[in-house]
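Structure at a glance
Residues per chain are reported as follows:
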Amino acid sequence: YRLLDAMQTMNNDGTSACQSLGGDNALGVKGYISHLPLAEYHSGSIVGVDTSPCAHLACTVGADGSVRCWNYANRSLLGTAYNKVAATCVRWVPLHLDPTGRSVVVGFVDGVVRVYTLVGENNSSITSVLCRKMVFKPHNLPVTDISFSVDGSKFASAGKDGIVFFFSCKGVSQSEPWTPVRFV
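In this report, the structure presented in the accompanying data block is examined. (Residues numbered from 1 in each chain as written. Predicted model: local features only at pLDDT ≥ 70, side-chain atom pairs only at ≥ 80, totals over all residues. Heavy atoms only, no water.)

**A word on the pattern of salt bridges**
Here the structure, examined in full by the defined rule, presents 1 salt bridge. The partner of Arg 91 in a salt bridge is Asp 145, and the shortest N-O contact between them spans 3.0 Å. Separated by 54 residues along the polypeptide, Arg 91 in strand 5 (residues 87-92) and Asp 145 in strand 9 (residues 143-148) bring together distant segments of the chain. On the basis of relative accessible area, Arg 91 is assigned to the partly exposed category, the value being 28%. (Salt bridge = Lys/Arg side-chain N within 4 Å of Asp/Glu carboxyl O. Helix = DSSP H or I, 4+ residues; strand = E, 2+ residues; numbered from the N terminus. Buried < 20%, exposed > 50% of the residue type's maximum accessible area, 1.4 Å probe, protein only.)

Rendered as structure tokens:
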């Protein structure tokens, strides 16, 4: 009851803000707004986070399979990608591979690694979209960690299968796929 009281928004004439706009609420309770989302977050635990090397951006990944990029300076969600399997880890792509500083690599429980790029007007745009650029499956079990070499030319992924895969990297476009080098 107290939660509903706290959510109630009343106008001076005693009607709710929702009613004055001609709307109903999902609960059927007069005077309570229940269908206006305040913000969107992960529906489960956050399992990984990394920050951009050149902007006020952060990427979080969740057990719900979502990948979310945020502008933490103005506290806004810039883009979201949804996956059917849980994410396990995330790393921002080095500037050597993506000079715009808008790409992330994400590992998942099914052994898949996906590369996403935030596409939009600028780092504060709500019209940004998180686009999948590459997908590859180096592991048979969950990806436990991912990392880049200092110069950005090599990428490594480790999995619960006990294998570490190494890739040679040239960029983040589909025309420049990451080439497997070896595994140990």
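**Some details on the sheet that holds strand 7 (residues 113-119)**
The sheet built from 4 strands is open, its strands ordered 5-6-7-8 with antiparallel pairing. Edge positions in the sheet fall to strand 5 and strand 8 (129-136), since each of these pairs with one other strand and no more. For this sheet, the mean inter-axis angle between neighbouring strands, taken without regard to orientation, is 25°. Judged from the 5 bridges that link them, strand 5 and strand 6 (residues 103-108) form a sheet pairing that is antiparallel. Looking at the pairing, Trp 92 lines up with Val 104 of strand 6. (Pairing = 2+ DSSP bridges. Axes fitted to C-alpha atoms, helices over the stretch in contact; angles between N-to-C directions.)

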